[in-house]
Structure formats: C-alpha cells, structure tokens
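Below are the chains, spelled out letter by letter.
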Amino acid sequence: MADHYPTGRLAPAPATPHQQPRSHLIVKTATALTVGGSLLILSSLILAGTVVALTIATPLLVIFSPVIVPAVITIFLICSGFLASGGFGVVSVSVLSWIYRYVTGKHPPGAAQLDTAQERLAWKAWEFKERAEQHLPGTHGCP
C-alpha cells in the first residue's frame, strides 16, 4: 500500500524517474503519445477542412458576389485556417516537449503543481475510502 507520514498524509512521489515504477512511466508515455497525436491529427484536420472549405466556397462566392467581397472572404479564410492549423501544430509540439521533459524527470514549469494536484487527489480518494468503510454496513464488523 502507499507510504504514509505519521500525520496520515501520503508520501510525496519519488523525485527521479529511476525511483518510479515502470508502469507509471509506461502510462505517462502512453498519455504523451495520445495527447500529442490527437493534437497533431486535429491540426491536420483543420488544415484539410480549410482547403476543402475554400475549394467549395470560392466558386460560389465568385459567381454570386462582386469580385472584392469574395476576395476578402477568401483571404480571411485562408489566413484563419493556416493560423489555426499552425497554432494547433505548435501547441501539440509544445505539449509533447513538456510531457517528455516531465516523464524524463527534468521538472518543466508547472510540474510541481501537477504533482501537488496528484497528491491531493490521492489523499482525497484515500479519505473517501476510509469514510466509506466507516459508514457502510458490513465492513469492519459493523451491523
């Protein structure tokens, strides 16, 4: 079971990845790949959607509007689509980089907050379990 301090609080997570169980590293790596891959796929879908929208919308705008209005709308759509696609690409690479540094134990900015939140969540789960064992009938000799 988890190590406890004399006050009943959970012991902090190990400081280096060499002390962490291998399963934690595997879960962190799988999470990093899932998040990074999802963001990269999202950015490529936005890019593809932008190209498809421009392909469909441009002829309709040219046929049914004066020349200047479709040109402005087309330029706006092109710029916003490429900016959104590039933004998601940059965010996904940044997230992958942060997760890689966290997994390898380099403690990037915000890692301490993440570890603190993890400890608080584990403490609340343990506290909830203890309360449930006290209040539920049929556990620990209760009628």
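Backbone geometry places His107, a non-glycine residue, at a positive phi of 50°. On the secondary structure map, His107 appears in the loop between helix H2 (68-103) and helix H3 (111-135). By relative accessible area, which is 44% here, His107 ends up partly exposed.

Our focus in this paragraph is H2. With 36 residues, H2 extends 52 Å from end C-alpha to end C-alpha; this agrees with the ideal 52 Å at 1.5 Å per step. Considered for burial, the residues of H2 that qualify are Pro70, Thr74, Gly81, Ser85, Gly89, Ser92, Ile99, Tyr102 and Val103. Those residues of H2 that are buried lie in contact with helix H1 (22-64) and H3. A positive phi of about 85° marks Gly105, the residue just after H2.

Residue placement: Thr50 occurs in helix H1. Under the relative-accessibility criterion, Thr50 is labelled buried at 12%. Sequence separation of Thr50 and Cys79 is 29 residues, and the distance between their C-alpha atoms is 9.6 Å. In this structure, Thr50 is in contact with Leu77 and Gly81, ignoring residues within four places of it in sequence.

Here we take up the pattern of salt bridges. With the rule as written, the count across this model stands at three salt bridges. Salt bridges linked by common partners bring Lys124, Glu127 and Arg131 together as one network.

In the contact formed by H1 and H2, the axes pass within 9 Å of each other and the chain directions differ by 175°. Judged by the inter-axis angle, H1 sits roughly antiparallel to H2. A per-class count over the contact of H1 with H2 returns 24 nonpolar, ten polar and one charged.

Evaluated as defined, the whole model comprises two aromatic pairs. Between Trp98 and Tyr102, the aromatic rings sit 5.4 Å apart at their centres with planes inclined by 5°, giving stacked as the arrangement. Remark: Tyr102 and Trp98 occur in helix H2; sequence separation between them is four residues, near one turn of the helix. With 4.9 Å between their ring centres and 25° between their planes, Trp123 and Trp126 make a pair best called stacked. Taken together, the residues Trp123 and Trp126, both in helix H3 and three residues apart, mark about one turn of the helix. For Trp123, a relative accessible area of 23% corresponds to the partly exposed category.

Reading the values: rules and limits
- Residues numbered from 1 in each chain as written.
- Predicted model: local features only at pLDDT ≥ 70, side-chain atom pairs only at ≥ 80, totals over all residues.
- Heavy atoms only, no water.
- Helix = DSSP H or I, 4+ residues; strand = E, 2+ residues; numbered from the N terminus.
- Buried < 20%, exposed > 50% of the residue type's maximum accessible area, 1.4 Å probe, protein only.
- Expected span 1.5 Å × (residues − 1).
- Contact = heavy atoms within 4.5 Å.
- Salt bridge = Lys/Arg side-chain N within 4 Å of Asp/Glu carboxyl O.
- Axes fitted to C-alpha atoms, helices over the stretch in contact; angles between N-to-C directions.
- Parallel < 35°, antiparallel > 145°, perpendicular 65-115°, else oblique.
- Nonpolar A, V, L, I, M, F, W, Y, C, P; charged D, E, K, R; others polar.
- Phe/Tyr/Trp six-rings, centres within 6.5 Å; stacked < 30°, edge-to-face > 60°.

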